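Chain and residue survey
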Amino acid sequence: MKRFATITVIGRDKTGVIARITNFLFHQGANIEALEEQVTRGQFSMTLQASWHARKLDEQAVRTGLDQLARELEMEITLRFTEPHRTQRMAVMVTREPHCLEAVLRAWKSGKLRRADPVVVVGNRPDLQPLVRPYGLPFVHVPWDDRNRAEEETLRILDEHQTDFVVLARFMKILSPNFVWRYKNKIINIHPSLLPSFPGPQAYRQAYERGVKIVGVSAHFVTMHLDEGPIIAQSAFPVKPGMTLAQIIEQGRKHEARTLLRAIQLFLSKRLDVYWGIVKEV
């Protein structure tokens with residue numbers, strides 16, 4: 001049996017980072033399954049997936065060694081072991097629209113998300129706190145006036161709750177690459193269009209004004225490129241003659257809730273692999 005882990009490295013770019021980390025993992029008996037890195041304005045970001053034969057893994061030695069490398073390289077190095085049979089700790093981020101959050105919480109309470117364990121709801125507005133209260137979950141209001149400060153606080157909250165993955169239930173703020181890299185292919189968003197068509201905040205209006213005959217929604221992993229992440233699930237409905245924009249939005253919201261739930265269920269029940277920007281079930 002194999003053990004899998006995701007290692008995230010973030011910090012100022014410098015020579016030899018990849019070699020130092022991969023060499024250390026080699027000496028710890030790891031196999032490098034995938035590696036993605038980039039440098040943006042002098043900021044180095046890398047996500048590495050590694051595996052071990054269970055008998056060859058010394059988890060404490062790996063953690064201690066990576067902590068030492070983080071200090072020497074003056075970088076942030078995070079290690080998360082994948083435990084597919086363990087209940088996954090889920091954080092939900094919201095703004096003010098309730099329909100997706102309500103669908104997620106109801107599904108969890110009714111047992112439709114048995115492998116998810118909601119641990120916290122973070123809102124950039126306080127509007128949805130009354131909706132969360134009956135479910136006994138903590139709601140944390142993080143104002144988004146200063147994005148860097150807000151993201152730093154949100155990351156601290158996610159780390160405090162040992163979050164495995166994040167659901168954006170109509171969270172209406174753009175997350176920076178600095179945030180996204182820390183949860184690569186672990187942040188699920190719902191967008192009100194059949195991506196790649198109509199990215200951005202006014203998707204229903206754009207579709208309505210263009211006179212499309214089919215409107216849909218897309219659940220996708222979040223990347224640093226707005227509404228361009230790998231698509232997990234989609235749903236669509238026909239636009240009937242005479243439908244108003246308000247009616248399209250109302251119908252679309254029903255599909256948003258269902259499709260977001262479908263994406264979460266796929267994430268929980270299968271190992272989803274992202275290969276060249278395409279999500280595959282493996």
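1. Observations concerning the sheet that holds strand S4 (residues 76-82)
Spatially, S2-S3-S1-S4 is the arrangement adopted by the 4 strands of the open sheet, whose pairing is antiparallel. The strands lining the two open edges of the sheet, one partner per strand, are strand S2 (31-40) and S4. Averaged over neighbouring strand pairs, the angle between their axes works out to 10° when direction is ignored. Both strand S1 (residues 2-12) and strand S3 (residues 43-53) contribute to a ladder of 11 bridges, which runs antiparallel.

2. A short note on helix H3 (residues 99-109)
If you check which residues of H3 are buried, you get His99, Cys100, Leu101, Ala103, Val104, Leu105 and Ala107. Next to the buried residues of H3 lie strand S5 (88-94), strand S6 (116-123), helix H4 (129-132), strand S9 (187-191) and helix H8 (245-269). Immediately downstream of H3, the backbone of glycine 111 shows phi near 90°, a positive value.

3. Focus: the confidence of the model for the protein
Keep in mind that low pLDDT regions are not for reading the predicted coordinates in detail. Model confidence for the protein is summarised by a mean pLDDT of 92, while 95% of its residues fall at 70 or above. No element of the protein has a lower mean pLDDT than strand S12 (residues 272-275), which averages 64, and none a higher one than strand S7 (residues 139-141), which averages 98.

4. Topic: the sheet that holds strand S10 (residues 214-221)
Ordered in space as S7-S6-S5-S8-S9-S10-S11, the 7 strands form an open sheet in which the pairing is mixed. Because the sheet does not close on itself, it has two edges, and the strands there are S7 and strand S11 (231-238). Strand-to-strand twist of the sheet, defined as the mean angle between neighbouring strand axes without regard to direction, takes the value 20°. Inspection of the sheet shows S5 paired to strand S8 (residues 165-168) by 4 bridges, in the parallel sense. The residue of S8 that forms the bridge with methionine 90 is phenylalanine 165.

5. Focus on the pattern of salt bridges
Side chains that differ in charge, positive against negative, can pair when their charged atoms come close. This model, assessed by the stated rule, comprises 16 salt bridges. Between glutamate 256 and arginine 170 there is a salt bridge; the shortest N-O distance is 3.4 Å. Taken as a pair, glutamate 256 in helix H8 and arginine 170 in the loop between S8 and helix H6 (177-180) lie far apart in primary sequence, 86 residues in all. The residues glutamate 256 and arginine 170 share a single accessibility class, namely buried. One connected set of salt bridges, linked through shared partners, spans Glu97, Arg170, Arg253 and Glu256.

6. Focus on the packing of helix H7 (residues 203-210) against H8
Two numbers describe how H7 lies on H8: the axes approach to 10 Å, and their chain directions differ by 130°. Judged by the angle between their axes, H7 and H8 are oblique. Considering how the two elements wind past one another, H7 and H8 form a crossing that is right-handed. Residues Tyr204, Arg205 and Tyr208 of H7 form the contact with H8, whose own contacting residues are Leu245, Ile248, Ile249, Gly252, Arg253 and Glu256. Within the contact of H7 with H8, the residues separate by chemical class into 5 nonpolar, 1 polar and 3 charged.

7. Describing the nonpolar core
Leu101, Ile188, Leu260 and Ile264 are the most contacted members of the largest nonpolar core, which totals 47 residues. Among the elements that line this core, the one with the most residues is H8, at 10 residues. Ignoring any residue separated from it by four or fewer positions in sequence, one finds isoleucine 264 in contact with Val104, Leu113, Phe165, Val167 and Ile188. Within the second largest apolar cluster, 23 residues are counted, among which are Leu25, Leu48, Leu57 and Phe81.

About the cut-offs
- Starting afresh in each chain, residues are numbered from 1 along the sequence in its written order.
- A pLDDT threshold of at least 70 governs which residues receive local features in this predicted model, and a stricter bar of 80 or more applies before side-chain atom pairs are shown or counted, although totals over entire chains, interfaces and linings include all residues.
- Each side-chain value is worked out from all heavy atoms of the structure, with water and hydrogens disregarded.
- Any two strands with at least two DSSP bridges between them are considered paired.
- By definition, any uninterrupted DSSP run of H or I lasting at least four residues is a helix, any uninterrupted run of E lasting at least two residues is a strand, and each is numbered from the N terminus.
- A fitted line through C-alpha atoms serves as each axis, taken over the contacting stretch for helices, and the angle formed by two N-to-C directions is quoted from 0 to 180°.
- Three labels apply to residues, based on accessible area from a 1.4 Å probe with only protein chains included: buried if under 20% of the type maximum, exposed if over 50%, partly exposed otherwise in between.
- Here, residues are in contact when the closest pair of their heavy atoms is within 4.5 Å.
- Summary of the metric used: pLDDT quantifies the predictor's per-residue confidence within the range 0 to 100.
- Criterion for a salt bridge: a side-chain nitrogen of Lys or Arg within 4 Å of a carboxyl oxygen of Asp or Glu.
- Working rule for angles: under 35 degrees goes down as roughly parallel, over 145 as roughly antiparallel, 65 to 115 as roughly perpendicular, anything else as oblique.
- Note on convention: the crossing is left-handed when the near helix lies turned anticlockwise from the far helix by less than a right angle, right-handed when the turn is clockwise.
- Classification used: nonpolar for Ala, Val, Leu, Ile, Met, Phe, Trp, Tyr, Cys and Pro, charged for Asp, Glu, Lys and Arg, polar for all others including Gly.
- Within this scheme, the nonpolar core is defined by two criteria: the residues are buried Ala, Val, Leu, Ile, Met, Phe, Trp, Tyr or Cys, and they are joined through side-chain atoms within 4.5 Å.

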